[in-house]
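Per-entry structural report
Here is how the chains run, residue by residue.
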Amino acid sequence: MPFFYDFDKAAGPIDAGRTARNLLELRRKLNLEIPRRTVVDSLLLATWNIQAFGASSRTEESLWYIAEILSRFDLIAIQEVKRDLGELDRVQKLLGPWWRYLVTDASEGDGGNDERLAFLFDTRKVRFGGMAGEIVLPPVKDEDGNAVNPDQIVRTPYIAGFKSGWFDFMLSTVHIKFGENERADPGRLEEIRQIARFLANRLTQTGAWSRNMILLGDFNIFDKDSPTFTALTDAGFTIPHNIQSLPVTNVGAKPRKYDQIAFLLGGNPDVKPLQAGVLDYFTTIYSDAKFPDYAPQLRKADGTLPGNPRSYYRNHWRRRQMSDHLLMWAELPIEFADPYLKAKAGP
């Protein structure tokens, strides 16, 4: 539960009764679907593209729902954080003083979409290792041996080192460009291929911060049979079956597995997700059945009423309140005392 639930100190207008009822319903869902956080046994890792986080017309009510969801995890990679960090700061305050975030600078240019990437983590469970940076692809050599500067990834990937329990790892998050609406858009495929190869090579280099790499985020992958998916596995990353078999992560008419969590673990090769899931929060908050509660406040960006309020609520408004992506999570073991002691004890 977020630290700061005090309706009398809300940062903006909020319907206390409605919000409390929805939070109770959301908490029941989270209690059923998300493992309980532990002190030492496992790490709850999540990735969530929160649509236009910081540049939308989100209400205070929606930020409380977002905070409640995030509070169930130890470390979350967030994509599509915008230049204005106000919403991220507000959610961090709701979560409590022991929460911290690391964030990139805002991307410039049309393709960058004014976006940042962020890691949000509970310092009681997760320790930042001191290494963080935006990834710039190094020059490569052409057929004649000349150095060639590759096209950089439009929204620069972010990497940081973390420790939790016995487990240290480098975590890299991406928001790969969409390009054309096809399974193997060449630009999207090349971005995934380049970053996967770069990170796999980084693990082999002298002085690598950790021998464990987790790559996660919004890859805009359509399905596991797409070449954009195999670009990850071709580089050596594994996507365990219990993640591959998860439901789609987009909110829309066409099913898409845009979001992924991939592993390349040289230091702890036996680490596998204990559990994994995709959280569909729209079965509770902002569900179709709750349209009448919000119909009076529905307005388009220009302030006018939508022609079809119910369709606008479902396909536009509620996504701007929460996101057009669902949250994906995995539970990882972080307590390895017995294997360590058995190895030291000998035969």
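Quick note: structure is the one above.
The following paragraphs examine the structure supplied in this document. (Residues numbered from 1 in each chain as written. Predicted model: local features only at pLDDT ≥ 70, side-chain atom pairs only at ≥ 80, totals over all residues. Heavy atoms only, no water.)

Locating Arg72 in the fold gives a position in the loop between α2 (60–70) and β2 (75–82). A distance of 3.4 Å separates the side chain of Arg72 from the side chain of Glu68, its partner in a polar contact. (Helix = DSSP H or I, 4+ residues; strand = E, 2+ residues; numbered from the N terminus. Polar contact = N/O pair within 3.5 Å; in protein donor to acceptor, adjacent residues only side chain to side chain.)

It is worth spelling out the pattern of salt bridges at this point. With the rule as written, the count across this model stands at 18 salt bridges. For Lys29, the salt bridge identified is with Glu33, shortest N-O distance 2.7 Å. Of this pair, Lys29 and Glu33 both sit in helix α1 (residues 16–33), four residues apart, which is roughly one turn of the helix. For Glu33, a relative accessible area of 34% translates into the label partly exposed. Residue Arg72 is joined to Glu68 by a salt bridge in which the shortest nitrogen-to-oxygen separation is 3.4 Å. Among the residues examined, Arg72 registers a relative accessible area of 12% and is labelled buried. Linked through salt bridges whose partners overlap, the residues forming this network are Arg37, Asp74, Asp122, Arg124 and Lys125. (Salt bridge = Lys/Arg side-chain N within 4 Å of Asp/Glu carboxyl O. Buried < 20%, exposed > 50% of the residue type's maximum accessible area, 1.4 Å probe, protein only.)

A contiguous nonpolar patch, built from Trp166, Tyr340 and Leu341 and spanning about 330 Å² of accessible area, is present on the exposed surface. If you trace the backbone, Tyr340 turns up in helix α10 (residues 337–345). Judged by relative accessible area, which is 42%, Tyr340 ranks as partly exposed. (Patch = residues over 30% accessible without salt bridge, like charges linked within 9 Å, V, L, I, M, F, W, Y side chains within 5 Å. Areas by Shrake-Rupley, 256 points an atom, 1.4 Å probe, with all protein chains shown as cover.)

Attention now moves to the pairing of strand β11 (residues 259–265). Most of β11 is tucked away, with seven of its seven residues classed as buried. Here β11 shows two buried faces, one formed by Asp259, Ile261, Phe263 and Leu265 and the other by Gln260, Ala262 and Leu264. Alignment of strand β10 (residues 212–218) against β11, held across seven bridges, turns out to be antiparallel. Counted as the bridge partner of Asp218 is Asp259 from β11. (Pairing = 2+ DSSP bridges.)

Counting buried positions over the eight residues of strand β4 (residues 115–122) gives eight, a clear majority of the element. Because side chains alternate across β4, one face comprises the buried residues Glu115, Leu117, Phe119 and Phe121, and the other comprises Arg116, Ala118, Leu120 and Asp122, equally buried. Bridge count for β2 against β4 is seven bridges, and the pairing is antiparallel. Within β4, the residue paired with Lys82 across the bridge is Glu115.

With that out of the way, let us pick up the sheet that holds strand β12 (residues 275–279). Spatially, the six strands line up as an open sheet ordered β3-β4-β2-β1-β13-β12, and their pairing is mixed. Every other strand in the sheet has two partners, leaving β3 (99–103) and β12 as the edge strands with one partner each. The mean inter-strand angle of the sheet, taken between neighbouring strand axes irrespective of direction, is 20°. Where α2 meets the sheet, it contacts β1 (42–53), β2, β3, β4, β12 and β13 (327–333), and its direction lies at approximately 155° from that of β1. (Axes fitted to C-alpha atoms, helices over the stretch in contact; angles between N-to-C directions. Contact = heavy atoms within 4.5 Å.)

We now examine the packing of helix α5 (residues 186–204) against helix α6 (residues 227–234). It is at 9 Å that the axes of α5 and α6 come closest, and there the two elements cross at 10°. On the basis of their axis angle, the class for α5 and α6 is roughly parallel. Contacts between α5 and α6 pair Arg188, Leu189, Ile192, Arg193 and Ala196 from the former with Pro227, Thr228, Ala231 and Leu232 from the latter. Along the lines of polarity and charge, the residues of the contact of α5 with α6 split into six nonpolar, one polar and two charged. (Parallel < 35°, antiparallel > 145°, perpendicular 65-115°, else oblique. Nonpolar A, V, L, I, M, F, W, Y, C, P; charged D, E, K, R; others polar.)

The next thing to look at is the packing of aromatic side chains. Applying the stated criterion to the full structure yields 20 aromatic pairs. Judged by centre distance (4.8 Å) and plane angle (65°), the rings of Tyr281 and Phe282 are edge-to-face. Of the two residues examined, Tyr281 and Phe282, each falls in the buried class. Taken together, the ring pairs connect Phe119, Phe121, Phe128, Tyr158, Phe162, Phe167 and Phe169 into an aromatic cluster. In this structure, Arg256 is placed above the aromatic ring of Phe222, and the distance from its NZ or CZ to the ring centre is 3.9 Å. Taking the ring centre of Phe282 as reference, the NZ or CZ of Arg318 above it sits at 4.3 Å. (Phe/Tyr/Trp six-rings, centres within 6.5 Å; stacked < 30°, edge-to-face > 60°. Lys NZ or Arg CZ within 6 Å of the ring centre and 35° of its normal.)

Turning our eyes to something else, we now look at the environment of Gly217. Looking at the secondary structure, you find Gly217 in strand β10. Note on Gly217: relative accessible area 0%, which makes it buried. It is 21 Å that separates the C-alpha atoms of Gly217 and Tyr65, two residues lying 152 residues apart in sequence. When near neighbours in sequence (up to four residues on either side) are disregarded, Gly217 contacts Thr47, Gln79, Thr173, Val174, Tyr258, Asp259 and Gln260.

Right, let's get into unusual backbone geometry. Unusually for a residue other than glycine, Ala52 sits at a positive phi of about 45°. Within the secondary structure layout, Ala52 lies in strand β1. The class of Ala52 is buried, set by a relative accessible area of 5%. Unusually for a residue other than glycine, Asp114 sits at a positive phi of about 60°. Tracing the backbone shows Asp114 in the loop between α4 (109–112) and β4. Among the residues examined, Asp114 registers a relative accessible area of 28% and is labelled partly exposed.

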